[in-house]
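For reference, the chains in residue letters:
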Amino acid sequence: MAEAQAATDFRAGLREWLEANCPAEMRDGGAIENAICWGGKDWVFTSDAQKTWLERCAAKGYTVPTWPVEYGGAGLTREQEKIFHEEMGRIDARSPLQSFGIWMLGPALLHFGSHDQKLEYLPPIARGEVRWCQGYSEPGAGSDLANVQTHGADQGDYWLVNGQKIWTSYADKADQIFALVRTDRDAPKHKGISFLLIDMDDAGVETRPIKMISGISPFCETFFTDVKVAKDRIVGEENRGWDVAKYLLTHEREMISGGGGGLAGGGRALGAVLTDTLDQLDATLRADAMRCEIDALAIGLTLERYKDQAEAGQGAGDASAMLKYMGTELNKQRHELMMTAGGSAALEWDGDVGNRAGDWLRTKANSIEGGTSEVMLSIVSRRVLGLPA
Amino acid sequence: MAEAQAATDFRAGLREWLEANCPAEMRDGGAIENAICWGGKDWVFTSDAQKTWLERCAAKGYTVPTWPVEYGGAGLTREQEKIFHEEMGRIDARSPLQSFGIWMLGPALLHFGSHDQKLEYLPPIARGEVRWCQGYSEPGAGSDLANVQTHGADQGDYWLVNGQKIWTSYADKADQIFALVRTDRDAPKHKGISFLLIDMDDAGVETRPIKMISGISPFCETFFTDVKVAKDRIVGEENRGWDVAKYLLTHEREMISGGGGGLAGGGRALGAVLTDTLDQLDATLRADAMRCEIDALAIGLTLERYKDQAEAGQGAGDASAMLKYMGTELNKQRHELMMTAGGSAALEWDGDVGNRAGDWLRTKANSIEGGTSEVMLSIVSRRVLGLPA
Amino acid sequence: MSKLVLTEEESMLADMARGFLDGAAPVSAFRKMRDEGRTHDAKLWKQMAEMGWAGVLVPEDAGGSDMGFAAANVIAREMGKTLVVSPFLSTAVMAATALRQVSDARASDALAKIASGDVTYALAIDEGIKHDPEATMMEARADGNGFRLTGKKTFVVDGAMADRLLVLARTADGLTLFDIPSDRAGITRDKSNMIDARDAAKIDFENVEATGEDVLGQVHSAMTVLRPALQAGQAALAAEMAGLSAGAFEMTVGYLKERKQFGTEIGRFQALQHRAAHLWCETEVTASAILNAGRMLDDDPQNAELAVSLAKAKATSTATLAVQEGVQMHGGIGMTDAYDMGFYMKRARVSSEWLGDYSYHAERVAALRGF
Amino acid sequence: MSKLVLTEEESMLADMARGFLDGAAPVSAFRKMRDEGRTHDAKLWKQMAEMGWAGVLVPEDAGGSDMGFAAANVIAREMGKTLVVSPFLSTAVMAATALRQVSDARASDALAKIASGDVTYALAIDEGIKHDPEATMMEARADGNGFRLTGKKTFVVDGAMADRLLVLARTADGLTLFDIPSDRAGITRDKSNMIDARDAAKIDFENVEATGEDVLGQVHSAMTVLRPALQAGQAALAAEMAGLSAGAFEMTVGYLKERKQFGTEIGRFQALQHRAAHLWCETEVTASAILNAGRMLDDDPQNAELAVSLAKAKATSTATLAVQEGVQMHGGIGMTDAYDMGFYMKRARVSSEWLGDYSYHAERVAALRGF
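Quantities reported herein were computed from a predicted structural model and do not represent experimental measurements. (Residues numbered from 1 in each chain as written. Chains lettered and ligands numbered in written order. Predicted model: local features only at pLDDT ≥ 70, side-chain atom pairs only at ≥ 80, totals over all residues. Heavy atoms only, no water.)

Caption draft 1: Here's a closer look at the overall build of chain A. Counting its secondary structure elements, chain A contains eleven helices and eight strands. Relative to the 2.2 N^0.38 estimate, which gives 21 Å for 389 residues, the radius of gyration of chain A is 22 Å and therefore close to what a compact globule would have. Across its three principal directions, the C-alpha atoms of chain A cover 65 × 50 × 45 Å. In chain A, which comprises 389 residues, the proportion classed as buried is 58%. Long-range contacts, defined here as pairs at least 24 residues apart, represent 70% of the contacts in chain A between residues at least 6 apart. Carbon and sulfur atoms form 48% of the exposed surface of chain A, whose accessible area is close to 15,500 Å². Of the charged side chains in chain A, 41 are positive and 57 negative; the average position of the first set lies 3 Å away from that of the second. (Helix = DSSP H or I, 4+ residues; strand = E, 2+ residues; numbered from the N terminus. Rg over C-alpha atoms; globule rule 2.2 N^0.38 Å. Buried < 20%, exposed > 50% of the residue type's maximum accessible area, 1.4 Å probe, protein only. Contact = heavy atoms within 4.5 Å. Areas by Shrake-Rupley, 256 points an atom, 1.4 Å probe, with all protein chains shown as cover. Lys, Arg positive; Asp, Glu negative; His and termini not counted. Charge placed at Lys NZ, Arg CZ, Asp CG, Glu CD.)

Caption draft 2: Representation of the overall build of chain C. A tally of regular secondary structure across chain C gives eleven helices and nine strands. For chain C, whose C-alpha radius of gyration is 21 Å, the value lies close to the compact-globule estimate of 21 Å for 371 residues. Counting only C-alpha atoms and orienting by the principal axes, one finds that chain C spans roughly 80 × 45 × 45 Å. Classification of the 371 residues of chain C by burial places 63% in the buried group. In chain C, 74% of the contacts between residues at least 6 apart in sequence involve partners at least 24 apart. Here chain C displays about 12,900 Å² of accessible surface, and carbon together with sulfur accounts for 50% of that area.

Caption draft 3: Just the interface of chain D and chain B, in detail. The interface is formed by 38 residues belonging to chain D together with 42 residues belonging to chain B. On inspection of chain D and its partner chain B, the count reaches six salt bridges. The partner of Glu363 of chain D in a salt bridge is Arg286 of chain B, and the shortest N-O contact between them spans 2.6 Å. Counting the contacts that link chain D with chain B gives 16 residue pairs in polar contact (both at pLDDT 80 or more). Of all the secondary structure elements, the ones that give two or more residues to the side of chain D that touches chain B are helix H7 (222–258), helix H8 (270–299), helix H9 (305–330) and helix H11 (358–368) of chain D. (Salt bridge = Lys/Arg side-chain N within 4 Å of Asp/Glu carboxyl O. Polar contact = N/O pair within 3.5 Å; in protein donor to acceptor, adjacent residues only side chain to side chain.)

Caption draft 4: A look at the packing of helix H8 (residues 283–311) of chain A against helix H9 (residues 319–342) of chain A. All names here are of chain A. Running from N to C, H8 and H9 point in directions that differ by 150°, and their axes come no closer than 10 Å. By the angle between their directions, the pair H8 and H9 is classed as roughly antiparallel. Crossing of H8 against H9: the hand is left-handed. Touching Leu285, Asp288, Ala289, Arg291, Cys292, Asp295, Ala296, Ile299, Thr302, Leu303 and Tyr306 of H8 are Ala319, Met322, Leu323, Met326, Gly327, Leu330, Gln333, Arg334, Leu337, Thr340 and Ala341, all from H9. Here the residues of the contact of H8 with H9 are counted per class, giving 14 nonpolar, four polar and four charged. (Axes fitted to C-alpha atoms, helices over the stretch in contact; angles between N-to-C directions. Parallel < 35°, antiparallel > 145°, perpendicular 65-115°, else oblique. Left-handed = near helix turned anticlockwise from the far one by under 90°. Nonpolar A, V, L, I, M, F, W, Y, C, P; charged D, E, K, R; others polar.)

Caption draft 5: Fine view of unusual backbone geometry. Residues and elements named next belong to chain D. In this structure, Asn207 is a non-glycine residue whose phi angle is positive, near 55°. You can see Asn207 is positioned in strand S7 (residues 200–210). Positive phi outside glycine occurs at Phe262, with the angle close to 50°.

Caption draft 6: Quick look at the domain arrangement of chain A. Residue and element names in this part refer to chain A. Segmenting chain A into domains produces domain 1 (24–130), domain 2 (132–239) and domain 3 (243–384). The distance between the C-alpha centroids of domain 2 and domain 3 comes to 28 Å. Taken together, the contact pairs 14 residues of domain 2 with twelve residues of domain 3. Interface of domain 2 and domain 3: buried area, both sides summed, is about 1,000 Å²; carbon and sulfur atoms make up 73% of it. Summed over the shared surface of domain 2 and domain 3, the number is zero salt bridges. Our enumeration of links across domain 2 and domain 3 arrives at zero residue pairs in polar contact (both at pLDDT 80 or more). (Domains from an automatic or database assignment. Buried area = accessible area lost by both parts, 1.4 Å probe.)

Caption draft 7: Layout of the side chain of Arg94 of chain B. Looking at where Arg94 of chain B falls in the secondary structure, it is placed in the loop between helix H3 (78–90) and helix H4 (100–112). Reaching out from Arg94 of chain B, the side chain makes a polar contact with the side chain of Asp28 of chain B at a distance of 2.8 Å.

The following block contains the structure:
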């Protein structure tokens, strides 16, 4: 009962704070791409309200509510985090900050970093001062992520890094990159990789956006030419970067699966969204929309269940592969139906129904980035079902 | 124009013959399993009309309309065969005879048999006097059909056959069996098999029905213990039986795919059948029924197309694998929908909607017998697409 | 809202149930019953009652164990794994839930008898081939202080063996639910020959007398009592189907590891691996929906309908896939009556239909989600 | 009924078309047009006219090659393979078919101009976001001996560049089809920025004058003329989509054979093999439906509707699958603008929608098949 009272008190206090501190302009849900605040030193706030909202949240640790207070978080429990998201949802508040630092580097540092590294890197992420991007994939490597050719030559105080990364999301806008670099060419494929932190302003770092079929360029190619990376700019041990990468992939998969709020969040039902443009759903569209809705709800509940399991100390194991697979395949289907419902209006770039086609095309990468659906199924097959490789 | 006139004349003559010769009781389409006349020496006609109809058709060669006249057929061209089926369909006439002899052994003999063999074996098949079954699969071999262990030891005048076959359809009712027997154990897997003809009454042949999940026993296990098979009871060359088997598999696949008349024939639309039991189809059922209907029509047309191509001398190649895969998967789907539309009435054995459940369960074997769907896809992958094994 | 993770008690309950059922009711026991034409095992049900399963939803003061809906789902899931035949769903879940909605001495007494395993129930609801309580046409004509029931019910699961029937009938101003013994004069039960070899019946009511005492809850207000019962049944049936899917899946994965074709285990074939993996993913998200339905029924029953229909719809599509893949991946052997896979397929089909099929619940989900 | 096999002439036509298009209009030509913002290649169209393609459905006495609908489908399919941009469907197939329904000198003259490549047409039919000619609201108000057209048309494919428009409008007793020049006073064309980088426009009609001469066919009877045109267009579009599927599939299978991952060609992975094989099976049955539609339009046009809707529905589902698998199997590179696969995906989406989407034609099939 004391626990329940504490939760009620927390909710009341939070609600009061939100009422007082969340600017009215920030209460629109912000589901659209360009409402997102990504932070970073070059960030240009789209409004004063966006800046105020970020600062106020950062001061309370609410940009990273579950991180420890000393690293810029609010130290919320899982129970409190749920309440936090419920109360944010209640007033339709925008997320104050999103970034690869929050989703990926942060969790990696919290798990693998030294206390000093956490103190150095985490608070700037929480405050939205430094924007990170990831450097995993390399040209030609595709799903074989451990096939890292980018090389870090040991020069005593530093590594001299040469090579090329691809699919580096928003590398052209990031301040720093965390990258997989081969630091031992003689070791087995997975044993000679280190997880390095590199400043995008360093000499020898170049980046170039890749134009995608959706017409936008969320991804880049990034080139390293004789880049010097100091020996303390490493997460985890030397040549053990694959452990960090695997850990991070799990986070990435949960994020892509909809953990970022897309699916699980109390969004509108797909069927209802479809009727925004169509008076009536024909049998095919209605049947498909129902199936998608059922899957969306079940996947959303699974995300909650895994979080509850994690809190209860029951690891979800390789379940992130499952979530990633199911979430992204569903998302692709949803956007196919959105396109169908949009009819000819959805066939124009930035037509009467917005950038629906661009969003649709963007989803096609969901089941490729962060591990393809095929790789996810193989992971489940081997690690969960124990089928022979 | 002369050709068109000949077709018109043929149609007129046939129509007249059918009007005069097809008994009224045989004009009910006979879509139900126990309306089929299978023939054979133990066959008990279900009615005088069934007997009369068989005899009249056999006399004209209409049990096997495209076979040469000298072997018991009517020697129809492809064009005439189409007209034959149209006219039979027009008066909803039952097929006078169906059998594995017609579908499988006949085509094999026509292709690989000697003139004497054709004269000996084909007319009794055409007249419904001898009922054949097939002995391909063996226990444990599954999809690996060439994994034949049943052995025929060369004894000069005859082979001494020992071994066991499984999934021998209606072996308990058949007079004769055509079987794959290993006659050279030292040759590579596909090179030591012969295609033998064995009398089910021979000493040492035993057969035992297998009860299936549908409650019926269309299949048997068949055992050979020191069975003597004379040297002239072989189709094709010794140790080249796999060529015959492969050729036959193609026919079997076309038959299972619906070539037997199930799908391609101008049957009622699935959606219309479903409304026999349900006043209104909900969105899901309607959407599924439309998809099935579209696929059924397209597959039926493909069957026609391949026949037309064959007539035009353009081989359909490994397309039988495609037809088999598409046709059987569709048929399973159709029966799933039939079950859904039947609701609780379909959940009883022999309930108000007949043996709908039994038919449904029977279809589950469609994608296994005659080569699984997985084997069909692998055949397409390798032989049609040229993907590496 | 409680967490979407099994509590320690629930995990223990699952383990105990599994342990008990593996001994007392493996699939071979179902096969034996099927072969002998039996649809009820009185001794087994008595044992279940002793373990508190018959009274899982009966209050403690009526002799029940009162473990709640989530716990009932845990038991149903374990039963599903080995195709256990019992009156659990009809009696312990649905009838008990219906009776619990009524607070009178007679209901208390009935609940006590359920808990002790001394009475079994069946729900005589549907009249057409699809589940649709609102479409009830059966008439309960007012007659003196009571009623006369005339009409036909179909797909009455457990109806041939049950001691008592909950009968839905139309009265002047709506629907009324009656709780009557199944041997009352004018009732004729015709056992259906079901593909899952379980008890179901068509029941004919010919001018059957029912007193005011026989009405469960209020006249013209059947749904107040029946709806919670149906929801509890739908959730538990979804759980049973999840168990059934798990049982079929376990057989299938085992077969993939052991069966050799073309010189290697078929489980090495990537196409089968990916299909098996996809199926596992479906079973995982289904599990979440079912756990959620149990939690909602326990914590917020007034708003549980979405959770329940979600669970039943998803459990239905997953079970259908599980048995289809199970049969196909087993090849010919899976088609034989001597192998157990066919039992799973037939039970999956019956449970898909019972208490509302996929479409029925999908349409409920759509309506509750605003489209 | 003609046979479901390509005639020798049709095979030769396909080979010739392929040979010509591989030289004159490979996918790289489309990319160049897209990059330059062009949606029409007048020189290419003139060459096509010289080969008889513009007049494929124009009678020989009007200067056409009169090869028939099946032949038009053969050409459309080859165009689809390399994403060829041309006025073929709007002008040579649909406008020509509409004009052929009318036997007057003016129509003959128009057909001759189509055959020579001197005039292009667009069909201004739809007003809402989905194809639905019967829902036309645009008014053609009687005015003296003629009409005044006021209203808006959307998704007018080829509408920004076309010389003439076939405009569907509502008159007193039904729908009437007008054949008017696109520069007539009161017409405002607003080019749409289409994802397939082709020509489409929204067109505004503000009190546009149309004389009795401008009416194609009979007043109030547009469908007599328009329906055959739409059916011809739907069949040819289905054929184009089949070509598109084949083009995407060929790229994909090529990639499977060449691309290595985890030390081997990805085409060795059985899961991909089976998906590719399934896709090929779908393309095969789709081909039959399209061939059948061409035969029916040539042989029995009054009863071609089922065949046409079947072809368009099946072509749509197959093309959708082909491009989805194409992108997924290519991985990241398939998502880049520098690679051609995205073009196929975008064109598949636009052609799925044009002239009726999957549902539209599936519902037609269902209706014609009695449910």
